[in-house]
Amino acid sequence: LFQNNDFLRNTVHRHEPPVTAQPIQILVEDDEVVVVDKPSSLPVHPCGRFRHNTVIFILGKERGLKELHTIHRLDRMTSGVLMFAKTVEVSQRIDEQVRQRQLEKEYVCRVVGEFPEHEVVCEEPILVVSYKVGVCRVDPKGKPCKTVFQRLSYNGRSSVVKCLPRTGRTHQIRVHLQYLGHPIVNDPIYNMEAWGPDRGKGGKIDKTDEELLKALVEEHCSRQSLEVLGIAEEDLSAGAGNKGCGDSSECAPAQAALVNENSCPAEETGDPGRDAGDPKGNEAAACPLNCDTNLETLENSEELGLSGNRDGEMEEKDPLCMECKISRRDPSPKELVMFLHALRYKGVGFEYCSKMPEWAMEDWEE
């Protein structure tokens, strides 16, 4: 029994999913903004199972850039131009440009097959199937959105396509490309067999949402790549008893993932189209933007030698931790990259660009 003045300390460590070792390149830094070229596989800020392996934390630890304000976000698997404000005033000024639809974002991607040469405009509404797993699909009940596509090159098997999202729904570019029958070559969600023989082309899925999520989880289980969905084996079993899952006797693995609090909600893909009334996106409550508290906590835990990071430092083995006893396959670098890149970010009085990725070159081959 505890008595007055007793001191209790609980020490934990985290097992973060693997990320690429590619460095974060700073494109621009001045008194107002920090603009970086984000590598694929890194989330923007701490959320879900990610703490150390995030852009916000790495910039704070390695570059001393703290108190940054997130202006827009990219999917974890999307690389490219990512912009942070150094002050509240700059953040509010750019947010106003967002509300006035004065910002433009340009992406480049490599898709399956021969994309049409002419400009393609897709305005299919998008519905979120699961915020926890981060899966969306075209549905008449979804939110209206618009993406403009233009083919840049074709190498006989895949096409490089320029994408201009006019709105910013979750996974908008990826979902629209899937609908058009040209999913991103290595998209770990929207180019999977779980969607059926046509892989979701034309919105044809022939599965309920629950069946689709279950099939996606099972396919990644067979590939030993559940971390791509932001979940792990222990998350599935941990979520099975959650009352949010409904009747536990009929609770499938994918349904468990739906209620798992360790999963990271999907992040916005296209910044210019963030809802005017919601400039920070609809997942702000789930993923903290201010890294000060998280950064301090993580640095303290690091001093205890209890946390791993993307440099390959391993956590201390804890005999009471079930995850410490699990041996997982180390993913190859190409498994941590998706061929979708934010190439340009333009607003009133500024324009930031990154280099074209190697996989987007006209003569590139797998």
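Reference entry: report on the structure contained in this document. (Residues numbered from 1 in each chain as written. Predicted model: local features only at pLDDT ≥ 70, side-chain atom pairs only at ≥ 80, totals over all residues. Heavy atoms only, no water.)

Before going further, it helps to spend a moment on the overall build of the protein chain. Summing up its helical and strand segments, the protein chain has seven helices and twelve strands in all. Within the protein chain, the proportion of its 366 residues that are buried is 53%. For the protein chain, the share of sequence-separated contacts (at least 6 apart) that also reach a separation of at least 24 residues comes to 67%. (Helix = DSSP H or I, 4+ residues; strand = E, 2+ residues; numbered from the N terminus. Buried < 20%, exposed > 50% of the residue type's maximum accessible area, 1.4 Å probe, protein only. Contact = heavy atoms within 4.5 Å.)

A few words on the environment of W364. Tracing the sequence through the fold places W364 in the segment after β12 (350-353). Filtering out sequence-adjacent residues up to four positions away, W364 remains in contact with R110, N155, F339, E358 and W359.

With that out of the way, let us pick up helix α1 (residues 55-63). Within α1, burial applies to V55, I56, F57, I58, L59 and G60. Remark: G64 follows α1 within two positions and exhibits a positive phi of approximately 70°.

Before going further, it helps to spend a moment on the packing of aromatic side chains. Enumeration according to the criterion identifies six aromatic pairs in this entry. Considering the side-chain rings of F350 and Y352, the 5.5 Å spacing of their centres and the 25° angle between planes classify their relative orientation as stacked. Residue F350 shares its accessibility class with Y352, and that shared class is buried. Each member of the aromatic cluster is reached from another via a ring pair, and the members are F339, W359 and W364. (Phe/Tyr/Trp six-rings, centres within 6.5 Å; stacked < 30°, edge-to-face > 60°.)

Here the focus is the nonpolar core. Residues F84 and F149 are the most contacted members of the largest nonpolar core, which totals 38 residues. Only β2 (33-38), α1, β4 (79-85), β5 (104-112), β6 (120-122), β10 (158-165), α3 (172-179) and β11 (340-347) provide two or more residues apiece to this core. When residues no more than four places from it in sequence are discounted, the contact partners of F149 are F115, H118, E119, V120, C122, V161, K162, C163, I173, H176, L177 and L180. (Core = buried A, V, L, I, M, F, W, Y, C linked by side-chain atoms within 4.5 Å.)

We now examine the pattern of salt bridges. All told, the structure shown has 15 salt bridges when counted by the stated rule. Connected through salt bridges with shared partners, the residues E104, E106, R344 and E351 form a single ionic network. (Salt bridge = Lys/Arg side-chain N within 4 Å of Asp/Glu carboxyl O.)

All right, on to unusual backbone geometry then. Of note in this structure, S41 is not a glycine but carries a positive phi near 85°. Turning to its location among the elements, S41 is positioned in the loop between β2 and α1. Classification of S41 as buried rests on a relative accessible area of 0%. For E67, which is not a glycine, the phi torsion comes out positive at approximately 55°. Locating E67 in the fold gives a position in the loop between α1 and β3 (69-70).

That's the geometry; what it means functionally is another story.
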